[in-house]
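Descriptive analysis of the structure
The primary structure of each chain is shown beneath.
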Amino acid sequence: MSDHNGSLWDAGPKAGQNASNSSSLLAPGKKSLTCITMSHAAGQPSTINVVPLKYNEVGSGVDTIERAFIQDEVMIYYSSVDTAPFYAARWKIKHTLNLLGAALQRRMLTVNRGESVLLYGSPENNQPIKVVGFILKLLEKADAPELTRRKAEFRGKIQSMVKDAFGSEVQDMYDLQVLATAPEAQRRGYGSALVTTVTNMADAAGRDTWVVTAGSYKFYEQVGFVVVRRDALGGDNPKWNGKPIPIHLMRRSVRKGGQTLERKLE
């Protein structure tokens, strides 16, 4: 999954989960945005329907994100110094608000009612609604000083990479902000279907797409992204005992006619 604003991160499916035969983008407002036929190793096709996340599915989406990110390196980099009280409650409130706001803006997609979720931004719609942004900033006031420093480090590195790689061009691009699949639902192509839905939207609009990820860059390579910049977290932080955490800025250039994936699930 990826969160280039520093509030979440990128955990999503592992490399090798993707597979699809065809996809068709329907007009916004339809019940199904994308129908993708998957070809599994066993030879049995299945159809994945990508739809907007409903309000009553937000709780399931939050649970998916929590479980998908529990071993994520960047989340550990944050959570290891999050010493403020009520960590679990703050985390759930924060991401419930984030997903509710994104669902209201219709930039939150899902497969199987929150089992796999993707929050994305378009050039016209890539920021949380004001009231959600305000509350999220209030919640960050509870952050310990070291957590504040680590978030600032992450955001600063991403801003620097984006400015260096894209400049003002980033304003005209789509971006993938949060991608997560429940552990028991991985290796079914859900993450690929969600990403392909957004990149097909970007293709239809004549736009490129970008994402920031740590350990999932191989997955994004398989759905058409290339690494354009690299950096690392924690390398200069004496309070971090782990290894530097690589982060990757990736880009997918616009393609005519959208993207068709042709792989088999192993």
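Quick look at the structure, then. (Residues numbered from 1 in each chain as written. Predicted model: local features only at pLDDT ≥ 70, side-chain atom pairs only at ≥ 80, totals over all residues. Heavy atoms only, no water.)

**Regarding the packing of aromatic side chains**
Using the criterion set out here, one finds six aromatic pairs in the structure. The interplanar angle of 80° and the centroid separation of 6.3 Å between the aromatic rings of Tyr78 and Phe154 together place this pair among those described as edge-to-face. Of this pair, Tyr78 sits in helix H2 (residues 73–79) while Phe154 sits in helix H5 (residues 145–166), and the two are 76 residues apart along the sequence. For the pair formed by Tyr78 and Phe154, the shared burial category is buried. Joined through ring pairs, the aromatic side chains of Phe219, Tyr220 and Phe225 make up one cluster. Positioned over the ring face of Tyr77 is Arg150, at 4.5 Å from the centre of the ring. (Phe/Tyr/Trp six-rings, centres within 6.5 Å; stacked < 30°, edge-to-face > 60°. Helix = DSSP H or I, 4+ residues; strand = E, 2+ residues; numbered from the N terminus. Buried < 20%, exposed > 50% of the residue type's maximum accessible area, 1.4 Å probe, protein only. Lys NZ or Arg CZ within 6 Å of the ring centre and 35° of its normal.)

**Some details on the pattern of salt bridges**
Applying the stated rule across the entire model yields 16 salt bridges. One salt bridge in this structure joins Asp63 and Arg67, with 2.9 Å as the shortest N-O distance. Of this pair, Asp63 and Arg67 are both found in helix H1 (residues 58–68), four residues apart, which corresponds to roughly one turn of the helix. With a relative accessible area of 33%, Asp63 lands in the partly exposed category. Since its relative accessible area comes to 31%, Arg67 is described here as partly exposed. Between Glu146 and Arg150 there is a salt bridge, and its shortest N-O distance comes to 2.9 Å. Taken together, the positions of Glu146 and Arg150, both in helix H5 and four residues apart, correspond to about one turn of that helix. The exposure classification of Glu146 matches that of Arg150, with both residues buried. A network of salt bridges, in which partner residues are shared, links Glu140, Asp143, Lys151 and Arg155. (Salt bridge = Lys/Arg side-chain N within 4 Å of Asp/Glu carboxyl O.)

**Section: the pairing of strand E5 (residues 174–181)**
Most of E5 is tucked away, with eight of its eight residues classed as buried. Two elements, strand E4 (residues 116–121) and E5, share six bridges in a ladder whose sense is antiparallel. Bridged to Leu118 within E5 is Leu179. With three bridges joining them, E5 and strand E6 (residues 209–213) adopt parallel strand pairing. (Pairing = 2+ DSSP bridges.)

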